[in-house]
Amino acid sequence: MNPEPVHEVLARSATVSLSATVIASLIGIALGTLLALAKLPGRRLLTAVVNTGMAVPTVVVGLVVALLLWRSGPLGDLGLIYTVRGMIIAQVAIATPLITGITMAALQLLPPELPEQLRSLGANRLQLVARLWIEARLPLLAAAMAGFGHAISEVGSATLVGGNIHGQTQVMTTAIVENVSRGEFGVAVVYGAILLVLAFVVNGLLVSIQQRGASWARS
Amino acid sequence: MRRVVCLLAAVVVTGCSGGTAAVSSGPSGSFVLATTTSTQDSGLLDDLLPAFDEVSDCAVKTVAVGSGQAMKMGEKGDADVLLVHSPAAEQKFMAAGHGASREPVMHNDFVVVGPPADPAGLAGSAPGTAAAALKRIADRQAPFASRADDSGTHAKELALWKAAGVKPSGRWYVETGQGMGATLTIANQKQAYTLADRGTFLATKGLRTKVLFEDSADLRNDYHVIVVDHEGVNTGCATEFAGWVRQAPAQQLIAKYGEDRFGEPLFFADAGR
């Protein structure tokens, strides 16, 4: 029934979610660092916004992004609705709060005297931040991985913004929903199993990097 | 020589995909086809669209939604061409000036499916109208699953209830808010009756529900193709698709679709009408 080979759908899922994770990590780590270290006026409010963002259902994010990207919407002229790029935008919006929140928590958990010590050693602001990131590299990696996991597993925004177009924007999760609605439970189960394996591999990778990082820190 | 250069250029531009498409000079670009879930869930589009792709420079993006939502998308210019089956709503759509053209493409029929035990006794009933069959279901308060999603099938169901003089409500009337395939699956699990287009019913796997009422005049299901009239739509591609789907090759694909897999065609070609 399905005209597209599984590996292409899987590759598209991975491409969309990986690009979104990279972009969301750049934004999220920067924003999380700012919220953890800088004395901003609206910091509490921003923190609350980030925490809310971590809990918003992905279908709501998808709805908002779709409303913006629809041809009749304010950004309609960009032609991003039902495209892979549109889906990446939605997933960035989904993953960024998560990465921001975990980054913020990770940096706040570092020993509070660390920044003071670094400053007294003559570190400038850039060196200070770089050093803190190195100290917190394992939780930062975990933040990016969590963002990736959240992005690749969601179906609400992928349906609304991507449209499940065969050969163009169909991803693993929307393919599962479509096959279930056709009564093709066998195909849906296979797709689900592949996603499960992918999640296992990604998390295995994270654990192995963490182990290596931890042993490196002890030596 | 000139031809060789032309071909070479075509190969470079298109990456060797379909020589005829590369040299044709029709409209181009991408366009959105908003269609009912039944055309996708039945698998028809999987056969039809690759054939269109071969002869056209237009890249089609299919979005499968209910007929109601498809027409909403047309109204706002978010879709370029519609393939829908909700005649009353379509006529309103055209009357309001949202469509440039509306032409018949194909038809099939709706069927009332239900559990083999048939608690409302539809299978034994004398030939009559579907409205009368639905009235029996309501009288017995037998479970009935409604799509309740503003789709063409849902519009048909509501028209039948109206003709039957029944305002469906209560515990026996289950509103799923989902597409045809999903609603058939829910009806199967809940041992409920439901109204389905024959194509999706035959194409949905793993159902134990049966066709219990069919072949009455009020169960006909007409599909039309509508070219959207709105600023910013890709009218060239939309018109090309609307024309193509009514030409012989596409109509033959439609007429043959499903024969090999289901033993009977799922749709009947209508362009000659």
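Chain B goes by ABC-type tungstate transport system permease component-like protein in an unreviewed UniProt entry, where it is assigned to Kribbella flavida.

The name recorded for chain A in an unreviewed UniProt entry is Binding-protein-dependent transport systems inner membrane component, from Kribbella flavida.

A. Molecular detail of the overall build of chain B. The helix and strand tally for chain B stands at 13 helices and ten strands. The contacts of chain B with a sequence gap of at least 6 include a subset with a gap of at least 24, amounting to 75%. Surface accessibility of chain B: about 12,000 Å² in total, with carbon and sulfur atoms responsible for 54%.

B. Up close: the environment of I194 of chain A. Residues and elements named next belong to chain A. Positionally, I194 belongs in helix α10 (residues 185-218). With relative accessibility at 24%, the residue I194 sits in the partly exposed group. Spatially, the C-alpha atom of I194 lies 8.8 Å from that of M172, the residues being 22 residues apart in sequence. In this view, I194 contacts V6, L10 and M172; residues no more than four positions away in its chain are not counted.

C. Quick peek at unusual backbone geometry. A positive phi angle, close to 55°, is found at N164 of chain A, a residue other than glycine. In this structure, N164 of chain A sits in the loop between α8 (156-162) and α9 (172-181). Since its relative accessible area comes to 8%, N164 of chain A is described here as buried. A positive phi angle, near 50°, is found at D118 of chain B, a position not held by glycine.

D. Representation of the packing of helix α1 (residues 6-37) of chain A against helix α6 (residues 125-135) of chain A. All names here are of chain A. Running from N to C, α1 and α6 point in directions that differ by 105°, and their axes come no closer than 12 Å. One finds that α1 runs roughly perpendicular with respect to α6. The residues of α6 that touch α1, namely those facing I29, T33 and L37, are V129, L132 and W133. The residue inventory of the contact of α1 with α6, partitioned by class, reads five nonpolar, one polar and no charged.

E. How the structure looks around the interface of chain B and chain A. Across the boundary between the two partners, chain B contributes 25 residues, which contact 20 residues of chain A. With both chains or domains summed, chain B and chain A bury close to 1,800 Å², and 44% of this area falls on carbon and sulfur atoms. For chain B, the biggest contributors to the area lost against chain A are D46, K61 and K205 of chain B; these three give 29% of the whole. Summed over the shared surface of chain B and chain A, the number is three salt bridges. Notably, a salt bridge pairs E184 of chain A with K205 of chain B, separated by 2.8 Å at the nearest N-O pair. Ranked by the residues each element gives to the side of chain B that touches chain A, the list is headed by strand β2 (residues 57-64) of chain B, at four residues. For the side of chain B that touches chain A, the class distribution of residues is eight nonpolar, nine polar and eight charged.

F. Fine view of the packing of aromatic side chains. All names here are of chain B. If you walk through the whole model with that rule in mind, you get eleven aromatic pairs over all chains. Residues F31 and F52 carry aromatic rings whose centres are separated by 6.0 Å and whose planes lie at 80° to one another, so their mutual orientation is edge-to-face. Pair noted here: F31 is in strand β1 (residues 28-35) and F52 is in helix α4 (residues 44-55), with a separation of 21 residues, a long-range link. Look at F52 and you get buried, because its relative accessible area is 1%. Measuring from centroid to centroid gives 5.9 Å for W161 and W172, while their planes differ by 70°, and the two rings are edge-to-face. One end of the pair, W161, is in helix α8 (residues 152-164); the other, W172, is in the loop between α8 and β6 (173-175), with eleven residues separating them in the sequence. Pair check on accessibility: W161 and W172 agree, each one buried.

G. Structural detail: the pattern of salt bridges. Counted by the stated rule, this structure contains 16 salt bridges over all chains. With a closest N to O distance of 3.3 Å, R119 of chain A and E116 of chain A form a salt bridge. Here E116 of chain A and R119 of chain A lie together in helix α5 (residues 114-120), a separation of three residues that amounts to about one turn. A relative accessible area of 46% places R119 of chain A in the partly exposed class. Where E90 of chain B meets R102 of chain B, a salt bridge forms, and the shortest distance between an N and an O atom there is 2.8 Å. Of this pair, E90 of chain B sits in helix α6 (residues 87-95) while R102 of chain B sits in strand β4 (residues 99-114), and the two are twelve residues apart along the sequence. Through salt bridges with shared partners, one network takes in D109, R198, E214 and D215 of chain B.

H. Structural detail: the domain arrangement of chain B. Residue and element names in this part refer to chain B. Segmentation of chain B into domains returns domain 1 (29-108 + 221-269) and domain 2 (109-219). If you look at the interface, domain 1 gives 16 residues, while domain 2 gives 18 residues. Three residues stand out in domain 1 for area buried against domain 2, namely D41, N108 and N221, and they jointly supply 29% of the buried area on that side. Our enumeration of links across domain 1 and domain 2 arrives at zero salt bridges. Scanning the region where domain 1 abuts domain 2 turns up three residue pairs in polar contact (both at pLDDT 80 or more). Among the secondary structure elements, those contributing two or more residues to the side of domain 1 that touches domain 2 are α3 (37-41), α5 (67-75) and β9 (220-228). When its residues are assigned to classes, the side of domain 1 that touches domain 2 shows three nonpolar, eleven polar and two charged.

Rules of the game
Residues numbered from 1 in each chain as written. Chains lettered and ligands numbered in written order. Predicted model: local features only at pLDDT ≥ 70, side-chain atom pairs only at ≥ 80, totals over all residues. Heavy atoms only, no water. Helix = DSSP H or I, 4+ residues; strand = E, 2+ residues; numbered from the N terminus. Contact = heavy atoms within 4.5 Å. Areas by Shrake-Rupley, 256 points an atom, 1.4 Å probe, with all protein chains shown as cover. Buried < 20%, exposed > 50% of the residue type's maximum accessible area, 1.4 Å probe, protein only. Axes fitted to C-alpha atoms, helices over the stretch in contact; angles between N-to-C directions. Parallel < 35°, antiparallel > 145°, perpendicular 65-115°, else oblique. Nonpolar A, V, L, I, M, F, W, Y, C, P; charged D, E, K, R; others polar. Buried area = accessible area lost by both parts, 1.4 Å probe. Salt bridge = Lys/Arg side-chain N within 4 Å of Asp/Glu carboxyl O. Phe/Tyr/Trp six-rings, centres within 6.5 Å; stacked < 30°, edge-to-face > 60°. Domains from an automatic or database assignment. Polar contact = N/O pair within 3.5 Å; in protein donor to acceptor, adjacent residues only side chain to side chain.

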